[in-house]
Amino acid sequence: MASSREYLEFVLEQLSGLDGVSHRAMMGEYIIYYQGKVIGGIYDDRFLVKPTKSAKALMPDAPFELPYEGAKEMLLADVDNRELLFKLLPAVASDLPKKK
């Protein structure tokens, strides 16, 4: 099942206070970037983020889910919690290596 454009727009609205958020459509889903780094994506109308050390610390009870068959597990983010999202994206991005 592909993600809906409406869900993408909802997530982007929730992230609208953060500078540097962008997205790209890919095979019916959406990759989410923060400050040019891939931090996660929208898969089957779920916002999943990379399970970095900071993401796990900020969301200790978040379930691990597969974005698609054969992929590595990611953490399911609570898109209704804007305060958490505003902490989560910068934290995940800071855990990731610098762009080459």
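Refer to the structure printed above.
Since this is a predicted model, take the numbers as computed values, not measurements.

### Quick notes on the overall build of the protein chain
Phase 1: When its secondary structure is counted, the protein chain shows 3 helices and 6 strands.
Phase 2: Written out in order from the N terminus, the α and β elements of the protein chain read α-β-β-β-β-α-β-β-α.
Phase 3: A compact globule built from 100 residues would reach a C-alpha radius of gyration of about 13 Å, and the protein chain, at 12 Å, matches this within 12%.
Phase 4: Expressed as lengths along the three principal axes of its C-alpha atoms, the size of the protein chain is roughly 30 × 30 × 30 Å.
Phase 5: Within the protein chain, buried positions represent 42% of all 100 residues.

### With respect to the sheet that holds strand S1 (residues 21-26)
Phase 1: The strand order across the open sheet built from 6 strands is S1-S2-S3-S4-S6-S5, with neighbouring strands paired in antiparallel fashion. Edge positions in the open sheet fall to S1 and strand S5 (64-65), since each of these has one partner strand only.
Phase 2: Alignment of strand S3 (residues 37-43) against strand S4 (residues 46-49), held across 4 bridges, turns out to be antiparallel. Residue Gly-40 lies in a different strand from S4, and its bridge partner there is Val-49.

### Overview of the packing of aromatic side chains
Phase 1: Scanning the entire structure with this criterion turns up 2 aromatic pairs.
Phase 2: Their ring planes at 45° and their centres at 6.3 Å tell us that Tyr-7 and Phe-10 sit as a pair that is tilted. Of this pair, Tyr-7 and Phe-10 both sit in helix H1 (residues 5-14), separated by 3 residues, roughly a single helical turn.
Phase 3: Judged by relative accessible area, which is 18%, Tyr-7 ranks as buried.

How each quantity is defined
Residues numbered from 1 in each chain as written. Predicted model: local features only at pLDDT ≥ 70, side-chain atom pairs only at ≥ 80, totals over all residues. Heavy atoms only, no water. Helix = DSSP H or I, 4+ residues; strand = E, 2+ residues; numbered from the N terminus. Rg over C-alpha atoms; globule rule 2.2 N^0.38 Å. Buried < 20%, exposed > 50% of the residue type's maximum accessible area, 1.4 Å probe, protein only. Pairing = 2+ DSSP bridges. Phe/Tyr/Trp six-rings, centres within 6.5 Å; stacked < 30°, edge-to-face > 60°.

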